[in-house]
Amino acid sequence: MKPEDLLQRLSPTHTQKCTVGCLVLDRLLGGGIPCNSITELVAESGCGKTQISLQLLLSAQLPTSLGGLSGSSIYLYSESPFPVRRLHQLSSSFPTLHNPLGKILTHPLHSAHHLFDVLSQLDSLLSSRLDSPSQIKLIVIDSIAALFRFEFENNPRDLKQRSGLFFRISSKLKEQARRFGLAVVVINQVVDVMNDTDGLRIGNSTCWYTSERKVCAALGLSWANCVNTRLFLSRQEERVAREVNGDDCFSTQTRRFIRVAFAPHLPDSYCEFVISREKIFGLER
Ligand SMILES: Nc1ncnc2c1ncn2[C@@H]1O[C@H](COP(=O)(O)OP(=O)(O)OP(=O)(O)O)[C@@H](O)[C@H]1O
């Protein structure tokens, strides 16, 4: 094999992608969420991280001719219970899928160590389903920050252990992603940036703005080095005026944005997106 062939094989530009279920969002992402690597969705609460993940659980089941991965998915969750009703609602936008909820395996997570144990146990399941109609092609972890929040103190010993566990978890995920051709999506939260000196430039920016807060991704620099692609979601409340019986009435409207924070295969770009009852979709600029 020539070096350039190896580069081509490993480059996310050439790897298989999983459609997000919307052409505008796929265009932003160069075709969708790449297989063989880890993609992280970072945002404050209520921005749409879980909604996008749920849509991915469905779009991954689409045939490859429609941008899907023709596969089942695993959803590992640590916070709220698995949102079955919402998934059911979103599935109405995928009428060609037969029993889509039956192709999503779910498992609760109690701690970061538990996540590592669950991932280690997944090897045999992933192997047994390889190249079968029920092969697993997507793993979603919702959310990684919640798992680490309570387990470690802010002292040098705990921080060292925490970084060690980041690398063990991400190495396991990357190994599985490459071996089984999986797309891996990890959800992360944000922390406030208190002053300008707090912000360390990671990717396209030192910090981002959401709901008029200055934030950066939770879990710091060590974890940032564990993911291949980071997508930042934000929201902004806007006052909208409309006339009712000759009077001005004001209401608030939430605008949501998705931005490439860093990715080996994507430029710094963003687009606005909408969460409707039926689906999540991007808006043309
Ligand atoms: N059926 C629906 N129709 C329209 N919008 C919805 C619907 N269900 C949820 N949403 C929107 O999605 C938002 C929640 O998104 P989501 O749960 O993905 O946020 P999140 O970023 O995962 O937050 P958290 O970190 O708290 O889990 C809600 O605030 C709401 O605006």
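Use the structure listed above.
None of the values given here were measured: they were computed from a predicted structure. (Residues numbered from 1 in each chain as written. Predicted model: local features only at pLDDT ≥ 70, side-chain atom pairs only at ≥ 80, totals over all residues. Heavy atoms only, no water.)

A.B. asks: Mind showing me how you'd approach unusual backbone geometry here?
C.D. replies: With the exception of glycine, most residues fall at negative phi, and the peptide bonds are largely trans. Residues D142 and S143 are joined by a peptide bond in cis, for which omega reads 5°. With respect to the helices, strands and loops of the structure, S143 is situated in the loop between β6 (136-142) and α6 (144-149). Phi at N36 takes a positive value of approximately 70°, unusual for a residue other than glycine. Along the chain, N36 falls in the loop between β2 (33-34) and β3 (37-42). (Helix = DSSP H or I, 4+ residues; strand = E, 2+ residues; numbered from the N terminus.)

A.B. asks: So what exactly am I meant to see when it comes to the site of the ligand here?
C.D. replies: Residues in close proximity to the ligand total 14 residues, the closest being S45, G46, T50, Q51 and R256. Contact between the ligand and T50: an oxygen atom at 2.8 Å from a side-chain N or O atom of the residue. Q89 places a polar side-chain atom, nitrogen or oxygen, 3.1 Å from a nitrogen atom of the ligand. Starting from 650 Å² of accessible surface for the ligand in isolation, the protein chains cover 67%. Residue assignment for the shell around the ligand shows that the elements contributing at least two residues are α3 (49-59) and α4 (84-90). The element best represented in the shell around the ligand is α3, accounting for three residues. Here the residues of the shell around the ligand sort into two nonpolar, seven polar and five charged. (Near = heavy atom within 4 Å. Polar contact = N/O pair within 3.5 Å; in protein donor to acceptor, adjacent residues only side chain to side chain. Areas by Shrake-Rupley, 256 points an atom, 1.4 Å probe, with all protein chains shown as cover. Nonpolar A, V, L, I, M, F, W, Y, C, P; charged D, E, K, R; others polar.)

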